[in-house]
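# Overview (structure and organization)
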Amino acid sequence: VPQKFLVFFDFDRSDVRPDASKIVTEAAEYAKKNGKAVIHVTGHTDRAGTDAYNLALSERRARAVQAELTKLGFTANQITISGKGESENLVPTGDGVREPQNRRVEIVMDP
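Please read all numbers here as calculations on a predicted model, not as lab measurements.

Along its length, the protein carries two helices and four strands. Taking 2.2 N^0.38 as the reference for a compact globule, 111 residues should give roughly 13 Å; the C-alpha atoms of the protein span a radius of gyration of 13 Å, in line with that estimate. Dimensions of the protein, computed from C-alpha atoms along their principal axes, come out at roughly 40 × 25 × 25 Å. Taking all 111 residues of the protein together, the buried fraction comes to 38%. A separation of at least 24 residues holds for 77% of the contacts in the protein among residues at least 6 apart in sequence.

The structure is reproduced here in structure tokens:
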């Protein structure tokens, strides 16, 4: 089973909050302790905004988490990033709904 960490974001923001930074640090420590060589970072958004805007926002969120992981000693080739926009919500909602649980980056490490 892959290990997953969730980093949440404020509405329409891609900066890593202090509480989210702690989660990124926990993920990095887990990866180092368990010898995880590849970390997958996937950005997501809620359903407020256009599809194109949300795709770009999800990618900015993923890059922000990648930057944090890089500061913690990982190299760019150890981190894959992608953005899913509003296509894979954690909490299903209607279009235009601002759902905090959907504004996230998932950090996943393969077993």
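Next up on the list: the side chain of Arg103. Relative to the helices and strands, Arg103 resides in the loop between strand E3 (79-83) and strand E4 (104-109). Using a relative accessible area of 10% as the deciding quantity, one classes Arg103 as buried. Within the structure, Arg103 has its side chain in polar contact with the side chain of Asp46 (distance 2.9 Å). Every residue in contact with Arg103, bar those within four places of it in the chain, is listed here: Val7, Phe8, Phe9, Asp10, Phe11, His44, Thr45, Asp46, Arg61 and Arg98.

Before going further, it helps to spend a moment on the sheet that holds E3. In any sheet, the strands associate via hydrogen bonds between backbone groups, in a parallel or an antiparallel arrangement. Spatially, the four strands line up as an open sheet ordered E1-E4-E2-E3, and their pairing is mixed. In this open sheet, the two strands that pair with only one neighbour each are strand E1 (3-8) and E3. Each strand axis lies, on average, 20 degrees off the axis of its neighbour in the sheet, ignoring direction. Relative to E3, strand E2 (residues 39-43) runs parallel, the two sharing five bridges. Counted as the bridge partner of His40 is Thr80 from E3. The sheet contacts of helix H1 (residues 18-33) involve E1, E2 and E4, and relative to E1 the element is tilted by about 160 degrees.

Attention shifts here to the nonpolar core. In terms of nonpolar packing, the biggest core is built from 20 residues, with Val7, Ile39, Val41, Val65, Leu69 and Ile107 touching the most fellow members. Counting residues per element, the ones that place at least two in this core are E1, H1, E2, helix H2 (51-71) and E4. The dominant element in this core, judged by the number of residues it contributes, is H1, at five residues. With residues up to four places along the chain from it excluded, the contact list for Ile107 reads Gln3, Lys4, Phe5, Val7, Val24, Ala27, Ile39, His40 and Val65.

To continue, consider H2. Its 21 residues place the ends of H2 31 Å apart at the C-alpha level, agreeing with the 30 Å of an ideal helix rising 1.5 Å per residue. Buried within H2 we find Asn54, Leu57, Ser58, Arg61, Ala62, Ala64, Val65, Gln66, Glu68 and Leu69. In this structure, the buried residues of H2 make contact with E1, H1, E2, E3 and E4. Note on H2: the residue one or two positions beyond its end, Gly73, has a positive phi of about 110 degrees.

For the rest of this paragraph, the subject is unusual backbone geometry. The backbone phi angle of Asp12 is positive, close to 60 degrees, even though this residue is not glycine. If you trace the backbone, Asp12 turns up in the loop between E1 and H1.

The rules behind these values
- Residues numbered from 1 in each chain as written.
- Predicted model: local features only at pLDDT ≥ 70, side-chain atom pairs only at ≥ 80, totals over all residues.
- Heavy atoms only, no water.
- Helix = DSSP H or I, 4+ residues; strand = E, 2+ residues; numbered from the N terminus.
- Rg over C-alpha atoms; globule rule 2.2 N^0.38 Å.
- Buried < 20%, exposed > 50% of the residue type's maximum accessible area, 1.4 Å probe, protein only.
- Contact = heavy atoms within 4.5 Å.
- Polar contact = N/O pair within 3.5 Å; in protein donor to acceptor, adjacent residues only side chain to side chain.
- Pairing = 2+ DSSP bridges.
- Axes fitted to C-alpha atoms, helices over the stretch in contact; angles between N-to-C directions.
- Core = buried A, V, L, I, M, F, W, Y, C linked by side-chain atoms within 4.5 Å.
- Expected span 1.5 Å × (residues − 1).

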